[in-house]
Each structure stands twice: as C-alpha cells, then as structure tokens.
Amino acid sequence: MADKDLEIEDLPGVGPTTADKLREAGYLSVESIATAAPAELSEITEISESTAKKIIKAARESADIGGFKTGKDIFEQRKDIRKLSFRVPELDALLGGGMETQAITEMYGEFGSGKSQIVHQMAVNVQLPEEQGGLNGSVIYIDTENTFRPERIEQMVKGLGIDGIPDPQEFLDNIHIARAHTSDHQMLLVENSRDLANELKSSEKPVKLFIIDSLTAHFRSEYAGRGTLAARQQKLNRHMHDLFKLIDEHNAVGLVTNQVMSNPAVFFGDPTKPIGGNIVGHTATFRIYLRKSKAGKRIARLVDSPNLPEGEAPFMVEEAGLKPC
C-alpha cells in the first residue's frame, strides 16, 4: 500500500535541490512524480533521463499506482458514493440526485451566470445532515478571485427554510478558506488541503466538499499566448489530478468553476466555451454550463457526464439562495 506521509525527498536520488526544483515545477507529491514523463522530469531537474526513470519507478512503487482492479471492485467502491443536493429539485434531477462524491463537477459560464452563487450555496448545503440533502461535512474553499462573501453564506443559511434556524456563524466556522495569489500558490494550497482534511477526518464535520473558484483564472493570466499553452495544460492537468486524489481519499465532492472565452468561429448556437480545453474537460466528471435567462432566471445545462443524458434545468438566484423557478 502507499505510504501517505512519504515526502519527495524520501525517494532515492532526490536530494534537497532536486526536490525544490520539482516543487517549483508543480510536482508536489510522490503521486504526481509517479505519473510524470521521464523526459519532462529530466529537463526540469537537470538530471539524466535514466536517473529520472529510476525516480519515477521508485515513486510508482511507493505510491502504489498502476495496479488493476476488477469491475466488481469498482462497483463496491461506487456503493460509497453520496449525493450532495442543490435543494432545487430540477437541478438535482439534472445530476441524477445531486453532486456526486468522488467526482469533480465543473460549472462554467459568463460573469453573472451564477457560478459563485452555486459555490456559496453548496458550501452551506454540504453541512446539513444527509436527510436534508447534505453530507454533514465541512468545506475547503480555494478562492482565486476574491469572490467569497461571508454575508452571502449568512443570507443562504437563513434562507434554508429549516425549522429552528441554524446559526450562520456555525456554518462559517466549517468553511476553511484560502486565497490563492498565483497558479503555483493555488497548486500548493491543494497539497496543503490534504493535511487539513486528514486532521478533520475523525471530527464531527469531516471535509466533504473541495471548492476551487475559479480553477483557471491564474493559469489564464500567467500563461498568455500560444507559446505557453503546452506548459499551462501540463500544469493544469497535474492540478486537476491532485484534486481528484483528494476527493477520492475523502469520499468528497469536487466543485470547480471556470470562465468562458468567445469562439468567434461559431456562427450558430452559443459561441462561448470553457477555458482549459480538453484537459479540464477530460478530468471533470460532470460539466455544467450556466447562462442567464429572462426575468432573472438562470439555466444550467449538463454538457458532459459519464452516465446521464444531456439536459437543462432552470433555477433562480435570490437573496435566500438558489430556489426553484
């Protein structure tokens, strides 16, 4: 089995200098090295490719990856999956009962389409008991654009409409927020989240929701221009996989928001598409496109899912939170 506490320096052939170079390049865990390409590792750390291969081999053995499971094993694992409810019947129906644990749900749309509103609402809902649609858990929230508003949480808690109004301060206590200033910092925060989540694992409110709002903002601003696209995509790929490992370990929900860019080549239909391209698209389990509609309505469209049909669901964003139309 994998040794969860293994550090990069514990791998044979990795000294302090090499470890620093790996971390600077975004390889923050033994698992991320285990899935790296030898040529890339060699270039980053200025070691020979044969040494890089040995380091990767040792990382794979330590991280216990690369083994096969039977379909029955996967079926048993999926029995643990829980659903986090939006508390809006149409949205829950769109996702087959709510947001799945052990999966990343990506919400993308233009400014004002409701991405951060959904994020705030789910940070409230996840803390509710399972019979009320929650997971009785706490939240780790990585904020890249300074969008988190405690006042909004307060309004949404009051708007739950549950008998014996819960104390908004208790809800705020269970939301652990970190502000990411760069893409490297953002990646480091996901790594640091592991320690916090492990600490809270045996508490009354284990971490059941990991949020990154927004996933791509820093990557987009730091890697401008076509020449940097490959480097950006590699880093984004590693970042998404680190998040996936976290939600898997804690049977938690992953929720990321994403911005859109215009595609002027589209003459018919909606010309907006999410940033991050195939990397984000292939790693996110569910992709939901949000757009504004008439009379303050918002529309959520399920664009991608491994087992659900495409569909749309309307909802309202009110002071009391997300509500049915």
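Residues numbered from 1 in each chain as written. Predicted model: local features only at pLDDT ≥ 70, side-chain atom pairs only at ≥ 80, totals over all residues. Heavy atoms only, no water.

Colleague: Give a detailed account of the pattern of salt bridges, specifying residues and quantitative values.
Modeller: Applying the stated criterion across every chain, the model contains 14 salt bridges. The residue E40 makes a salt bridge to R238 at a minimum N-O spacing of 3.4 Å. Taken together, the residues E40 in helix α3 (residues 38-45) and R238 in helix α12 (residues 229-249) connect sequence positions 198 residues apart. What makes R238 buried here is its relative accessible area of 11%. One salt bridge connects R82 with E130, and the closest N-O pair in it is separated by 3.9 Å. Of this pair, R82 sits in the loop between α5 (71-78) and β1 (83-84) while E130 sits in the loop between α7 (115-125) and β4 (138-143), and the two are 48 residues apart along the sequence. (Salt bridge = Lys/Arg side-chain N within 4 Å of Asp/Glu carboxyl O. Helix = DSSP H or I, 4+ residues; strand = E, 2+ residues; numbered from the N terminus. Buried < 20%, exposed > 50% of the residue type's maximum accessible area, 1.4 Å probe, protein only.)

Colleague: Run through the packing of aromatic side chains, naming residues and quoting values.
Modeller: Inspection of the entire model under this criterion finds two aromatic pairs. When the ring of Y141 is compared with that of F148, the centres are 5.1 Å apart and the planes differ by 70 degrees; the resulting orientation is edge-to-face. (Phe/Tyr/Trp six-rings, centres within 6.5 Å; stacked < 30°, edge-to-face > 60°.)

Colleague: Lay out the environment of I247 with the relevant residues and their values.
Modeller: The residue I247 is located in helix α12 in this model. According to the relative accessible area criterion, I247 is buried, its value standing at 0%. Expressed as a C-alpha distance, the spacing of I247 and A197, which sit 50 residues apart in the sequence, is 9.9 Å. With sequence-adjacent residues up to four places away left out, I247 is seen in contact with Q102, A103, I104, F210, A252, V253 and G254. (Contact = heavy atoms within 4.5 Å.)

Colleague: Can you lay out helix α8 (residues 150-158) for me, pointing to particular residues and giving the numbers?
Modeller: Among the residues making up α8, those that are buried are R152, I153, M156 and V157. Projected down its long axis, α8 carries its buried residues within an arc of 135 degrees, all on one side. (Arc of directions from axis to C-beta.)

Colleague: Explain the sheet that holds strand β11 (residues 297-304) residue by residue, including any values.
Modeller: The strand order across the open sheet formed by nine strands is β5-β4-β6-β7-β3-β10-β11-β12-β13, and the pairing between neighbours is mixed. The open sheet has two edge strands with one neighbour each: β5 (175-179) and β13 (321-323). Between one strand axis and the next, the sheet turns through 25 degrees on average, direction left out of account. As paired elements, strand β3 (residues 103-109) and strand β7 (residues 253-258) share six bridges and run parallel to each other. Within β7, the residue paired with E106 across the bridge is V256. Lying on the sheet, α7 is in contact with β3, β4, β5, β6 (207-213), β7, β10 (286-292), β12 (311-318) and β13; it crosses β6 at an angle near 165 degrees. Together, β4, β5 and β6 form the strand contacts of helix α10 (residues 183-200), whose direction differs from that of β4 by roughly 170 degrees. (Pairing = 2+ DSSP bridges. Axes fitted to C-alpha atoms, helices over the stretch in contact; angles between N-to-C directions.)

Colleague: Please set out the environment of N192 residue by residue, giving values where relevant.
Modeller: Along the chain, N192 turns up in helix α10. On the basis of relative accessibility, which here comes to 39%, the residue N192 falls in the partly exposed class. The spacing of N192 and L28 is 164 residues in sequence and 9.8 Å in space, taken between C-alpha atoms.

Colleague: Now, about the nonpolar core: what can you tell me, with residues and values included?
Modeller: The nonpolar side chains of a soluble globular protein tend to be buried, and buried together. In terms of nonpolar packing, the biggest core is built from 40 residues, with F86, M99, I118, I153 and L209 touching the most fellow members. The element best represented in this core is α7, accounting for five residues. Discounting residues that sit within four places of it in the chain, F86 has contacts with L91, D92, L95, G98, M99, M107, I118, M122, N125 and L322. Counting residues in hydrophobic clusters, the runner-up holds 23 residues, among them A197, L200, F219 and A284. (Core = buried A, V, L, I, M, F, W, Y, C linked by side-chain atoms within 4.5 Å.)

Colleague: Tell me about unusual backbone geometry, and name the residues and values.
Modeller: With omega at 0 degrees, the peptide bond leading from D213 into S214 counts as cis. Tracing the backbone shows S214 in the loop between β6 and α11 (217-222). Look at E46: it is not a glycine, yet its phi comes out positive at around 60 degrees. Tracing the sequence through the fold places E46 in the loop between α3 and α4 (49-63). A positive phi angle, near 60 degrees, is found at Q102, a position not held by glycine. One can find Q102 in the loop between β2 (99-100) and β3.

Colleague: Please provide a residue-by-residue account of the side chain of S138, values included.
Modeller: Structurally, S138 can be placed in strand β4. Dropping the residues within four chain positions of it, S138 is found in contact with V126, N174, H176, L200, K205, P206, V207, K208 and L209.

Colleague: Which residues make up the confidence of the model for the protein chain, and what values go with them?
Modeller: This prediction gives the protein chain a mean pLDDT of 86; 89% of its residues lie at or above 70. Low pLDDT (under 50) marks residues 264-271, which in the prediction has five contacts with non-local residues, meaning those over four places away or in another chain. (pLDDT = per-residue confidence, 0-100.)

Colleague: Can you lay out the packing of α3 against α4 for me, pointing to particular residues and giving the numbers?
Modeller: Close contact between α3 and α4 brings their axes to 8 Å; oriented N to C, the two are set at 115 degrees. The pairing of α3 with α4 is recorded here as roughly perpendicular in orientation. Between α3 and α4 lies a crossing whose hand is right-handed. On the side of α3, the interface is formed by P38, A39, L41 and S42, while α4 contributes E49, A52, K53, I55 and I56. For the contact of α3 with α4, the per-class residue count stands at six nonpolar, one polar and two charged. (Parallel < 35°, antiparallel > 145°, perpendicular 65-115°, else oblique. Left-handed = near helix turned anticlockwise from the far one by under 90°. Nonpolar A, V, L, I, M, F, W, Y, C, P; charged D, E, K, R; others polar.)

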